[in-house]
Amino acid sequence: MARRKEIDRDRILDAAEAVILASGGRQFTLDAVAERAGISKGGLVYTFATKDALIAAALEREMARFQAAVDERIEEDEAAPDRRLLAHVDEALTEDDALTRMAAFLMTALVHAPDMFAPARRFYHALFALFDPDTEQGRDVRQAVLAVEGLFLLRGLGLVDVPVEEWKSVLLHARNTILPESRPE
């Protein structure tokens, strides 16, 4: 009789996220994740053969979580591209800073493994399909999206130390660019 698999993939991903959140990614090792998940390193490697595979799975899960949260903000009759972009920015505005930094760490941790970027490429392809760069408004929105995503990655790489208030102000500016009538009076 075969031994029943006792290693839960989501438990490992939860442990990986906890290690990243606790250390900002500085102590992200397979040993640390295995210890946090309460399994052996061999059990971890059985589920995720490499550290890159673990990071890619955590990134894919985080992007799916973020996209689901964005989708929850959109009413069925509000599926217009500008409403989708607005929901993306609004979700980013409500995100906990530690969660934002974890997502950025996951994104940047795979910079040496471009073959594992497929989920991120799909995510950004869908995001950039939401505006028309052939119109003035589309170009303004593109600049706002690039500012948000660029700062997201710069923070994740640790290249800039931007206070939360400044990060939120960039998001609010992007929000106002995407949907000018959303500006507060």
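Reading guide: rules and limits
Residues numbered from 1 in each chain as written. Predicted model: local features only at pLDDT ≥ 70, side-chain atom pairs only at ≥ 80, totals over all residues. Heavy atoms only, no water. Helix = DSSP H or I, 4+ residues; strand = E, 2+ residues; numbered from the N terminus. Buried < 20%, exposed > 50% of the residue type's maximum accessible area, 1.4 Å probe, protein only. Areas by Shrake-Rupley, 256 points an atom, 1.4 Å probe, with all protein chains shown as cover. Lys, Arg positive; Asp, Glu negative; His and termini not counted. Charge placed at Lys NZ, Arg CZ, Asp CG, Glu CD. Core = buried A, V, L, I, M, F, W, Y, C linked by side-chain atoms within 4.5 Å. Contact = heavy atoms within 4.5 Å. Salt bridge = Lys/Arg side-chain N within 4 Å of Asp/Glu carboxyl O. Phe/Tyr/Trp six-rings, centres within 6.5 Å; stacked < 30°, edge-to-face > 60°.

The next thing to look at is the overall build of the protein. Helix and strand content of the protein: 9 helices and 0 strands. Helices and strands in the protein line up, N terminus first, as α-α-α-α-α-α-α-α-α. Projected onto its principal axes, the C-alpha coordinates of the protein cover approximately 65 × 40 × 30 Å. Put simply, the protein has 185 residues, and 43% of those count as buried. Roughly 10,600 Å² of accessible area belongs to the protein as shown, and the carbon and sulfur atoms make up 53% of that amount. The averaged location of the 33 negative side-chain charges in the protein is 7 Å from the averaged location of its 23 positive side-chain charges.

Phe28, Val33, Leu44, Leu54, Leu85, Leu106 and Met107 are the most contacted members of the largest nonpolar core, which has 58 residues in total. Those elements giving two or more residues to this core turn out to be helix 1 (9-23), helix 2 (30-37), helix 4 (51-72), helix 5 (81-94), helix 6 (97-109), helix 7 (118-128), helix 8 (136-157) and helix 9 (164-178). Discounting chain neighbours no more than four positions away, the residues touching Met107 are Leu59, Met63, Phe117, Ala120, Tyr124, Phe152 and Leu153.

The tally for this structure, following the rule as stated, stands at 12 salt bridges. The residue Arg84 makes a salt bridge to Asp71 at a minimum N-O spacing of 3.0 Å. Placement of Arg84 in helix 5 and of Asp71 in helix 4 is noted, with a sequence separation of 13 residues between them. Residue Arg84 is classed as partly exposed on the basis of its relative accessible area, which comes to 27%. One salt bridge in this structure joins Arg101 and Asp97, with 3.1 Å as the shortest N-O distance. Taken as a pair, Arg101 and Asp97 lie in helix 6 at a separation of 4 residues, close to a single helical turn. Judged by relative accessible area, Arg101 falls into the partly exposed class, the value being 30%. Shared partners join several salt bridges into a network, and the residues in it are Asp10, Asp14, Glu17 and Arg61.

Going through the model one piece at a time under the given rule, you end up with 4 aromatic pairs. Their ring planes at 70° and their centres at 5.9 Å tell us that Phe28 and Phe105 sit as a pair that is edge-to-face. Remark: Phe105 occurs in helix 6 and Phe28 occurs in the loop between helix 1 and helix 2; sequence separation between them is 77 residues. Relative accessible area serves as the criterion here: at 3%, Phe28 is assigned to the buried category. An aromatic cluster of three or more residues is present, and its members are Phe66, Phe123 and Tyr124.

Residue placement: Glu91 occurs in helix 5. Discounting residues that sit within four places of it in the chain, Glu91 has contacts with Arg65, Phe66, Ala69, Val70 and Arg73.

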